[in-house]
Amino acid sequence: MPVQRSFCRFCHANCAILVETEGDHVVRVSGDPEDPVFGGYTCIKGRQLPEAHHHPERLMASQKKTADGFVPIASEAALDEIAARLKALIDEHGPDSVAIYAGTYAFQNSAGVASAMAFAQGLGTRHFYTSVTLDQPAKVYTAFQYGQWQGGGHVFGEADVALFIGNNPIVSHYGPPGGLPPFSPSRRLRDAIEGGLKLIVADPRTSDVAALAHIHLAVKPGEDPALLAGMIHVILDERLCDEAFVQAHVDGLAELKEAVSGFPPAIAAARAGVSQADLVAAARMFAGGTKGSASTGTGPEMAGNGTLTQYLVSSLNILCGRFCREGEKSSIPRIFTPVTPRRAQVAAPMKLWGEGFAASRFRGLTHLMNEMPCNVLADEILTPGEGQIRALVSIGGNPMLAFPDQDKMARAVQSLDLFVSVDIRSQGVSARRSDYILAPLMCLERDDISSLSEWWYEIPYARYTEALIARPGDLLDEYEMLWELAKRLGTGLPLAGGLCPMDVCPDKQSFLDMAVAGCVVAPSQVRADSVDGRAVIYDDKHPIVEPAEPGHNARFDLAGGAMPAQLMAYGRDDPAAHGYPFRLISRRSRHRFNSTGGHLSALAAKRTTNPAHIHPDDLAGLGVTDGEMIRIASPHGEVHALAKASDALRRGVISMAHGYGDPDVGPDEVPMRGGSTNRLVCETSGYDPITGQALQSAIPVKVQRV
Ligand SMILES: Nc1nc2c(c(=O)[nH]1)N[C@H]1C(S)=C(S)[C@@H](COP(=O)(O)OP(=O)(O)OC[C@H]3O[C@@H](n4cnc5c(=O)[nH]c(N)nc54)[C@H](O)[C@@H]3O)O[C@H]1N2
Ligand SMILES: Nc1nc2c(c(=O)[nH]1)N[C@H]1C(S)=C(S)[C@@H](COP(=O)(O)OP(=O)(O)OC[C@H]3O[C@@H](n4cnc5c(=O)[nH]c(N)nc54)[C@H](O)[C@@H]3O)O[C@H]1N2
Ligand code: SF4
Ligand SMILES: [Mo]
């Protein structure tokens, strides 16, 4: 049986794999022990790629909704019909009547998001959405308002201290820049600790990383700003910052000092629900290191005050000077990202939203760079008027399970003139509601580059994988679908390397070369340099931090975006939500990737439902036994779940995953399907005023027996 090298795209980690095939059948996927970064590591999800590709529910043809349900349709014919309907809408209502949503699996295809954004821009619609604004938009967009160090931040591999805030990369395989890379994360973290790394974790539950931490701060959900402000208070008070760095590069220190003056350790610790001694010890431990970053995951970004939390995390790193200096190797070389200067200087603060950016009709929210916040999608569909959305093309996403306020999203989807999903199955909660499902190639059937995972590679590592098995039937790659639609509509696809040729659809390699033009090594060159599909390491392309440009005078601005004032406002306002004594927090399921994977036998065998993890003493207080069904209600909605006793949680906290459930089925299906936490979430109150991120964690809830 032939064995070929590739990389997994079940999730963003892109583990190096060996793929055994028999004809066009994938028989086995295992880790590639020769890969210098992954060293043979895979997880249980990735090893299910053979079943995922050949599962009986996998769509082998595109589908059209008829009165009798879905019927197969040739992809060309589906594209003709979809284009004709889009054209009619655009002619009558203008391009803003069409919205594009790029979900998780648009990101897993290295041409997915670039082609989706190009399609939206070619069309001229402002309604381009991605899952980033349901996820961690503050670190992607708002951190620029305090300035960015062009030399790069400290990476995990060189750190002697690390602070993870609401991030559990052992399960999620997601570590933000400076955090734990997803390559064999558990082993890597244990090795680092054995080698002397000091680890601090802030998480309301004893997560997998918290269990290994030297200091675990079991912060109250949503109170990370108090914790971080308290730590900064200690660092400033005890003069533990990198004073030379601060003097040379930082403005706004006085404003930050004033803002944290309301958070002396005793007050900060009380508000954050941790011991004062632990808070002080954590501040000293973090500042006492020589290298290493503070980083956040989804938890605190979703728990309200995401932008403020990100500001305080940026401040910690800036105060402690956790950046690569002149003459050092710059962190995270990145081969497929446009080349940027690597200098020992601050890139001037930038504002990537607000005035001058395309505006939504709702809540004063605007584009964040090129995308509209997901917060407004349902309202932009449901509300008549100029710019109302009438057609939605969802690429590799599941808005019915991922967006706030499930019932509202159901009404929105229902009211569309046209709903198109690009999805591998028709059973999904969103796919099922679509007028057309365009069936895409799956990862082992397409070429890709390792662009999605490259912010984690601490060395200049790059991959180009070819398709390993033939294209089934007339299925298309996402970028081909969007090219075909643009061709039919007579619009263009503007890419980094210029307009995509519209006479013949380029092959994937050419498309990728255009999509990442200006990067360090072009995808076609990486492909040529690769031996048998192995990774290529471009050691000579590891940038060294150059000196600052003469006369460069941009500095970090810790007063940027009026964040100190926001911190003071947070300090004044300590809302105890009456009648909702618990906080429901987000988590990831080890055996799924958001809503993907529940249909695969090995993953389903591990878990079907979406348990509500809760402290045994809380269960006892409620008179509920382990495994019993409970009803969880927020001010906005309710969900049912099976209670699961867990002493990994602090009291008063319930921990559940998203991506489960179905609004059409009742509580009796909960044991087999789980419930959707987005029934508890509302996008019109408690959202982040800049990114629109809804309160998807730290949700005030009450619990009842059923
Ligand atoms: N197996 C698997 N892997 C995944 C996914 C999946 O569904 N399954 N999803 C993928 C996606 S889309 C993403 S974005 C990443 C996310 O990756 P992570 O951000 O690492 O996600 P989690 O593993 O949920 O870790 C978040 C942690 O935040 C904690 N938390 C919740 N609320 C708060 C709070 O208010 N404050 C603090 N300090 N902590 C809090 C939770 O207890 C949890 O341990 O994971 C990706 N990887
Ligand atoms: N309450 C709450 N809500 C949340 C979160 C939370 O923690 N709590 N997390 C948020 C986060 S971090 C994210 S990223 C979003 C995710 O939001 P989405 O991306 O909208 O949701 P997914 O469940 O990942 O949807 C993936 C879809 O892709 C399909 N799919 C699977 N494989 C393929 C493939 O190979 N190709 C294509 N084209 N499609 C495929 C699946 O069938 C599924 O329908 O959800 C967000 N929503
Ligand atoms: S961690 Fe992600 S990329 Fe690696 S094997 Fe698992 S699913 Fe695949
Ligand atoms: Mo995500």
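The structure presented is a predicted model; accordingly, all values stated were derived computationally and were not measured.

Colleague: Talk me through the sheet that holds strand S13 (residues 294–296); I want residue IDs and the actual numbers.
Modeller: Taken in spatial order, the four strands of this open sheet run S11-S10-S9-S13, and their pairing is parallel. If you trace the sheet from one side to the other, it starts and ends with strand S11 (215–217) and S13, each paired once. Ignoring strand direction, the axes of neighbouring strands in this sheet form an average angle of 15°. Here five bridges tie strand S9 (residues 161–165) to strand S10 (residues 198–202), and the two strands are oriented parallel to one another. Bridging across to S10, Ala162 finds its partner in Leu199. Strand contacts of helix H14 (residues 306–319): S9 and S13, with the helix running at about 160° to S13, the strand carrying the most contacts.

Colleague: Just give me the short version of the site of ligand 3, but keep the residues and values in it.
Modeller: What surrounds ligand 3 is the set Cys8, Phe10, Cys11, Ala13, Asn14, Cys15, Thr42, Cys43, Lys45, Gly46 and His173. Residues that form the shell around ligand 3 fall into these classes: six nonpolar, four polar and one charged.

Colleague: Talk me through the domain arrangement of the protein; I want residue IDs and the actual numbers.
Modeller: Entries for the protein in the domain assignment read domain 1 (3–54), domain 2 (62–135 + 365–440 + 476–529), domain 3 (151–324 + 557–566) and domain 4 (577–705). Each of domain 2 and domain 4 has a C-alpha centre, and the two are 30 Å apart. Every contact between the two is made by 26 residues of domain 2 and, on the other side, 28 residues of domain 4. For the pairing of domain 2 and domain 4, the buried interface totals around 2100 Å² over both sides, and the portion due to carbon and sulfur atoms is 46%.

Colleague: I'd like to hear about the site of ligand 1, residue by residue, with values.
Modeller: Around ligand 1 sit 34 residues, and of these Ser172, Asp203, Thr298, Arg592 and Asn594 come closest. The separation between a nitrogen atom of ligand 1 and a polar main-chain atom of Ser172 is 2.7 Å. Between ligand 1 and the protein, one listed contact pairs an oxygen atom with a side-chain N or O atom of Arg205 at 3.1 Å. For ligand 1, whose free accessible area comes to 930 Å², the fraction covered by protein is 97%.

Colleague: So what's going on with the packing of helix H10 (residues 253–260) against helix H21 (residues 563–572)? Residues and values would help.
Modeller: Where H10 meets H21, the closest approach of the two axes is 9 Å, and the angle between their N-to-C directions is 5°. Considering the angle they form, H10 stands roughly parallel to H21. For the pair H10 and H21, contact is made by Glu255, Leu256, Glu258, Ala259 and Val260 and by Pro564, Leu567 and Met568, respectively. Each residue belonging to the contact of H10 with H21 can be placed in one class, and the counts come to six nonpolar, no polar and two charged.

Colleague: I'd like a description of the nonpolar core, backed by residues and values.
Modeller: The biggest cluster of nonpolar side chains holds 57 residues, and the ones touching the most others in it are Leu227, Phe286 and Leu567. Among the elements that make up this core, the one with the highest residue count is helix H8 (residues 224–237) (nine residues). Each residue touching Leu567, except ones within four places of it in the same chain, is listed here: Pro225, Ala229, Ala259, Val260, Phe263, Leu308 and Leu312. With 54 residues, the next largest nonpolar core counts Ala111, Ile335, Tyr464 and Leu512 among its residues.

Colleague: So what about the environment of Trp456? Which residues, and what values?
Modeller: Its location among the elements puts Trp456 in the loop between strand S18 (448–449) and strand S19 (461–462). If sequence neighbours within four positions are ignored, Trp456 has contacts with His12, Ala13, His173, Tyr174, Gly175, Pro176, Pro181, Pro182, Phe183 and Ile332.

Colleague: Describe H21, listing the residues and the values that go with them.
Modeller: Along H21, the residues that are buried comprise Met563, Pro564, Leu567 and Tyr570. Mapping the buried residues of H21 onto a view down its axis gives an arc of 115°, with all of them on the same face. Against H8, H10, helix H11 (265–272) and H14 lie the buried residues of H21.

Colleague: Please give an account of the packing of aromatic side chains that cites residues and values.
Modeller: Here the structure, examined in full by the defined rule, presents 20 aromatic pairs. Ring plane angle 70° and centroid distance 5.3 Å describe the contact between Trp455 and Trp456, whose orientation is recorded as edge-to-face. Note on Trp456: relative accessible area 3%, which makes it buried. When the ring of Tyr479 is compared with that of Phe511, the centres are 4.6 Å apart and the planes differ by 35°; the resulting orientation is tilted. Note that Tyr479 is positioned in helix H18 (residues 478–489) and Phe511 in helix H19 (residues 508–515), a separation of 32 residues in sequence. Classification of Tyr479 by relative accessible area gives buried; the value is 2%. Residue class for Phe511 comes out buried when judged on its relative accessible area of 0%. Lying across the ring of Phe7, Arg9 places its NZ or CZ 4.9 Å from the centre.

Colleague: Hey, could you go over the state of the cysteines for me, with residue numbers and the actual values?
Modeller: The final tally for this structure, using the stated rule, is zero disulfides. We note that Cys320 lacks a disulfide partner, and the nearest cysteine sulfur, in Cys241, lies 6.8 Å from it. Judged by relative accessible area, Cys320 falls into the buried class, the value being 7%.

Colleague: Describe in detail unusual backbone geometry, supporting the description with residues and values.
Modeller: Of note, His173 is a non-glycine position whose phi angle comes to about 55°, a positive value. With respect to the secondary-structure elements, His173 resides in the loop between helix H6 (169–172) and helix H7 (185–194). The class of His173 is buried, set by a relative accessible area of 4%. Positive phi is not limited to glycine here, since Asp532 has a value of about 55°. Positionally, Asp532 belongs in the loop between helix H20 (523–529) and strand S23 (536–537).

Colleague: Give a detailed account of the UniProt feature "domain: 4Fe-4S Mo/W bis-MGD-type" (unreviewed entry) in the protein, specifying residues and quantitative values.
Modeller: With numbering aligned to this structure, UniProt lists the feature "domain: 4Fe-4S Mo/W bis-MGD-type" (unreviewed entry) at residues 1–57. End C-alpha atoms of residues 1–57 are separated by 26 Å, and the span's content is 11% helix alongside 33% strand.

Colleague: Would you mind going over the sheet that holds strand S6 (residues 98–102) in detail, with residue names and values included?
Modeller: In a beta sheet, neighbouring strands are held together by backbone hydrogen bonds and run either parallel or antiparallel to one another. The mixed open sheet is built from seven strands, whose spatial order is S5-S4-S17-S16-S15-S6-S7. A strand with exactly one partner marks an edge of an open sheet, and here the two such strands are strand S5 (69–73) and strand S7 (128–130). Shown here is a sheet whose adjacent strand axes are inclined to one another by a mean of 20°, direction ignored. Pairing between strand S16 (residues 418–422) and strand S17 (residues 436–438): three bridges, direction parallel. When the sheet's bridge partners are listed, Val422 is paired in S17 with Leu438. Strands S6, S7 and strand S15 (391–395) of the sheet are contacted by helix H4 (residues 112–123), whose axis makes an angle of about 165° with S6.

Colleague: Talk me through the pairing of strand S4 (residues 62–66); I want residue IDs and the actual numbers.
Modeller: For S4 and S5, the ladder comprises five bridges, and the chain directions are antiparallel. Bridge pairing links Ser62 to Ile73 in S5. Of the pairings in the sheet, the one linking S4 to S17 comprises two bridges and is antiparallel in character. Following the sheet pairing, Gln63 is matched in S17 by Ile437.

Colleague: Please set out the environment of Leu352 residue by residue, giving values where relevant.
Modeller: Structurally, the position occupied by Leu352 is in the loop between strand S14 (346–347) and helix H15 (377–382). A relative accessible area of 8% places Leu352 in the buried class. Between the C-alpha atom of Leu352 and that of Ala535, which follows or precedes it by 183 residues, the distance is 34 Å. Setting aside anything within four residues of it in sequence, one finds Leu352 in contact with Tyr141, Phe144, Phe357, His367, Leu368 and Met369.

What counts as what
Residues numbered from 1 in each chain as written. Chains lettered and ligands numbered in written order. Predicted model: local features only at pLDDT ≥ 70, side-chain atom pairs only at ≥ 80, totals over all residues. Heavy atoms only, no water. Pairing = 2+ DSSP bridges. Helix = DSSP H or I, 4+ residues; strand = E, 2+ residues; numbered from the N terminus. Axes fitted to C-alpha atoms, helices over the stretch in contact; angles between N-to-C directions. Contact = heavy atoms within 4.5 Å. Near = heavy atom within 4 Å. Nonpolar A, V, L, I, M, F, W, Y, C, P; charged D, E, K, R; others polar. Domains from an automatic or database assignment. Buried area = accessible area lost by both parts, 1.4 Å probe. Polar contact = N/O pair within 3.5 Å; in protein donor to acceptor, adjacent residues only side chain to side chain. Areas by Shrake-Rupley, 256 points an atom, 1.4 Å probe, with all protein chains shown as cover. Parallel < 35°, antiparallel > 145°, perpendicular 65-115°, else oblique. Core = buried A, V, L, I, M, F, W, Y, C linked by side-chain atoms within 4.5 Å. Buried < 20%, exposed > 50% of the residue type's maximum accessible area, 1.4 Å probe, protein only. Arc of directions from axis to C-beta. Phe/Tyr/Trp six-rings, centres within 6.5 Å; stacked < 30°, edge-to-face > 60°. Lys NZ or Arg CZ within 6 Å of the ring centre and 35° of its normal. Disulfide = S-S within 2.5 Å. UniProt positions renumbered as here; feature names shortened; annotations may be inferred.

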